[in-house]
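Chain and residue survey
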Amino acid sequence: MKAVVGMIAPFSLAGEWYKGNLHTHSTESDGQASPQQLVDIYAENAYDFLAITDHMRLTDTTGLEARGMVLIPGSELHGGQGELGQHYHVVALGVREPISFAADATAQQVMEAATARSELCFVAHPSWSSLTYRDLLSLPDHLGIEVYNTTCHHGIGRGESAVQWDDLLARGQRLLGLAVDDAHLHYPDAIGGWVMVKAPERSEAALLTALRQGHFYSSTGPTIEMLESEEDRLYVKCSPVQEIRVICPKPGHGSTSYRLGRPGPFTEAEFAVREAWEVVRVEVVDARGRVAWSNPIWFV
Ligand SMILES: [Zn+2]
Ligand SMILES: [Zn+2]
């Protein structure tokens, strides 16, 4: 049996699932809603946590009525330039004071500043930013990339960055994928993409630790209830979906529920673990085209 070193863990861990959005803008930068209005919108949609990540500043959320949510202090930073000419955007979370760097800082320097002064950081919307794999490979250590961004999806039709993620995974990068809203509320771009985090308690420290450990999955709708690998089988259990996919970023060895000979709906599927698998990830897609993305599962 192949040993699993990846992100199966959250599904069998003790703890609770907490739903949250890690990327949002208020009137403190270019968003339409005030910080309190954002908190109200997410609280009314039963979120457990929210990060207000205004551009190039740290919005103080300590005076807000949190309405039962954990408010994670964060910031979105811009800098450097990809080979196609766009700036990099980086989301930093667990930020205690504003993060500054030189106006001509490279993307590497922006990421280093973010890493030094936050609990975790990740690359925002690679598709929207037209970042290439060469741009992304050149960055220092970070958590991962936004696999889905709601405002980029509804704004310009480039919300998904699974292709970039797979390219990086195939090249040996150990990066996680996060779905976020990046809500600005100039059009309906809230409550579209989120992370589900498995943590022992609903606190900022526990949520950030769980995120760093990869104890989460991302979704625009479906629920992943179980991922399990036993005796060379990979088992997936989820809310009703039309297709369950095991995606192998390296050439040629993934699989999908479609090969089981019926079109769905499915709430579970089992796949044979292939000898060639080094890393795979699971996607489930419901009848409305909404997706949930597991984090990668690495095999040794
Ligand atoms: Zn951005
Ligand atoms: Zn943003």
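All values reported here derive from a predicted model rather than from experimental measurement.

Turning to the packing of aromatic side chains, a few remarks are in order. All chains considered together, the criterion is met by 6 aromatic pairs. Look at Phe 11 and Trp 17: their rings are 5.4 Å apart centre to centre, the planes differ by 50 degrees, and that puts the pair in the tilted class. Taking 5.9 Å as the distance between ring centres and 25 degrees as the angle between the ring planes, the aromatic pair formed by Phe 11 and Tyr 217 counts as stacked. One end of the pair, Phe 11, is in helix H1 (residues 9–12); the other, Tyr 217, is in strand S9 (residues 216–219), and 206 residues separate them in sequence. The class for Tyr 217 is buried, based on a relative accessible area of 2%. Taken together through their ring pairs, the aromatic side chains of Phe 11, Trp 17 and Tyr 217 make up a single cluster. Here the basic side chain of Lys 19 rests over the ring of Trp 194, its NZ or CZ set 3.9 Å away from the ring centre. Over the ring of Tyr 133 we find Arg 171; its NZ or CZ atom is 3.7 Å from the centre of that ring.

So, about the coordination of the zinc ion (ligand 2). In an ideal octahedron of six donors the angles at the metal are 90 or 180 degrees, and in an ideal tetrahedron of four donors they are 109.5 degrees. At the metal site, the zinc ion (ligand 2) is ligated by His 23 (NE2), His 25 (NE2), Glu 76 (OE) and Asp 182 (OD), and these contacts range over 2.0 to 2.1 Å. One can describe the site at the zinc ion (ligand 2) as irregular: its 4 donor atoms subtend angles covering 79 to 167 degrees at the metal. Here the zinc ion (ligand 2) and the zinc ion (ligand 1) are spaced 3.5 Å apart, and both take Glu 76 as a donor. Within this pair, whereas His 25 is found in the loop between strand S1 (16–21) and helix H2 (35–44), its partner Glu 76 is found in strand S3 (residues 70–79), the two being separated by 51 residues in sequence. For Glu 76, a relative accessible area of 1% corresponds to the buried category.

Another aspect to go through is the pairing of strand S15 (residues 279–285). In terms of residue burial, S15 counts as a mostly covered element, since 7 of its 7 residues are buried. The alternating pattern of S15 places Val 279, Arg 281, Glu 283 and Val 285 and Val 280, Val 282 and Val 284 on opposite faces, both of which are buried. Looking at chain direction, strand S12 (residues 243–247) and S15 are connected through 5 bridges and run antiparallel. Its bridge partner lying in S15, Glu 243 is registered against Val 285.

What follows covers the coordination of the zinc ion (ligand 1). All of the protein donors around the zinc ion (ligand 1) are Glu 76 (OE), His 89 (ND1) and His 125 (NE2); their distances to the metal are 2.0 to 2.1 Å. Of note, the donors binding the zinc ion (ligand 1) are all from one chain and are spaced E-x12-H-x35-H.

Side-chain pairs of opposite charge can arise where the charged atoms are in close proximity. All chains considered together, the criterion is met by 17 salt bridges. A salt bridge links Asp 286 to Arg 290; the shortest N-O distance between them is 2.8 Å. When its relative accessible area of 9% is taken as the criterion, Asp 286 is described as buried. In this structure Arg 290 comes out as partly exposed when scored by relative accessible area, which is 29%.

To continue, consider helix H3 (residues 107–116). Along H3, the residues that are buried comprise Ala 107, Val 110, Met 111, Ala 113 and Ala 114. One side of H3 carries all its buried residues, which in axial view fall inside an arc of 160 degrees. Its buried side turned inward, H3 meets S3, strand S4 (88–93) and strand S5 (120–123).

A separate point is a negative patch on the surface. Where like charges cluster on the molecular surface, the negative patch consists of Glu 230, Glu 231, Asp 232 and Glu 275. Mapped onto the elements, Glu 230 comes out in strand S10 (residues 224–230).

The strand order across the open sheet formed by 3 strands is S10-S11-S14, and the pairing between neighbours is antiparallel. Strands at the two margins of the open sheet, each flanked by one partner only, are S10 and strand S14 (266–272). Each strand of the sheet is rotated relative to its neighbour by a mean of 15 degrees, with strand direction disregarded. Where strand S11 (residues 233–241) meets S14, 6 bridges bridge the pair, whose relative direction is antiparallel.

Before going further, it helps to spend a moment on the domain arrangement of the protein chain. Interfaces are often sized by the accessible area lost when the parts come together. Under the domain assignment used here, the protein chain contains domain 1 (10–218) and domain 2 (224–298). Domain 1 and domain 2 are separated by 25 Å when their C-alpha centres are compared. Contacts between the two partners involve 19 residues from domain 1, matched on the other side by 17 residues from domain 2. Interface area for domain 1 against domain 2, summed over the two sides, is near 1600 Å², with a carbon-plus-sulfur share of 64%. When the buried area of domain 1 at its contact with domain 2 is split by residue, Phe 11, Leu 169 and Tyr 217 rank highest and sum to 35% of it. Of the charged contacts in the structure, one is a salt bridge between Asp 166 and Arg 281, with a shortest N-O distance of 2.7 Å. At the junction of domain 1 and domain 2, the tally comes to 5 residue pairs in polar contact (both at pLDDT 80 or more). If you list the elements that add at least two residues to the side of domain 1 that touches domain 2, you get strand S6 (144–149), helix H6 (162–170), strand S7 (176–180) and S9. Ranked by residue count, the leading element in the side of domain 1 that touches domain 2 is H6, at 5 residues. Residues of the side of domain 1 that touches domain 2, tallied by class, amount to 12 nonpolar, 4 polar and 3 charged.

How each quantity is defined
- Residues numbered from 1 in each chain as written.
- Chains lettered and ligands numbered in written order.
- Predicted model: local features only at pLDDT ≥ 70, side-chain atom pairs only at ≥ 80, totals over all residues.
- Heavy atoms only, no water.
- Phe/Tyr/Trp six-rings, centres within 6.5 Å; stacked < 30°, edge-to-face > 60°.
- Helix = DSSP H or I, 4+ residues; strand = E, 2+ residues; numbered from the N terminus.
- Buried < 20%, exposed > 50% of the residue type's maximum accessible area, 1.4 Å probe, protein only.
- Lys NZ or Arg CZ within 6 Å of the ring centre and 35° of its normal.
- Donors = N, O, S within 2.8 Å, 3.2 Å for Na, K, Ca; no water.
- Tetrahedral: all angles 85-135°; square planar, octahedral: opposite > 155°, others 65-115°.
- Pairing = 2+ DSSP bridges.
- Salt bridge = Lys/Arg side-chain N within 4 Å of Asp/Glu carboxyl O.
- Arc of directions from axis to C-beta.
- Contact = heavy atoms within 4.5 Å.
- Patch = residues over 30% accessible without salt bridge, like charges linked within 9 Å, V, L, I, M, F, W, Y side chains within 5 Å.
- Areas by Shrake-Rupley, 256 points an atom, 1.4 Å probe, with all protein chains shown as cover.
- Lys, Arg positive; Asp, Glu negative; His and termini not counted.
- Charge placed at Lys NZ, Arg CZ, Asp CG, Glu CD.
- Axes fitted to C-alpha atoms, helices over the stretch in contact; angles between N-to-C directions.
- Domains from an automatic or database assignment.
- Buried area = accessible area lost by both parts, 1.4 Å probe.
- Polar contact = N/O pair within 3.5 Å; in protein donor to acceptor, adjacent residues only side chain to side chain.
- Nonpolar A, V, L, I, M, F, W, Y, C, P; charged D, E, K, R; others polar.

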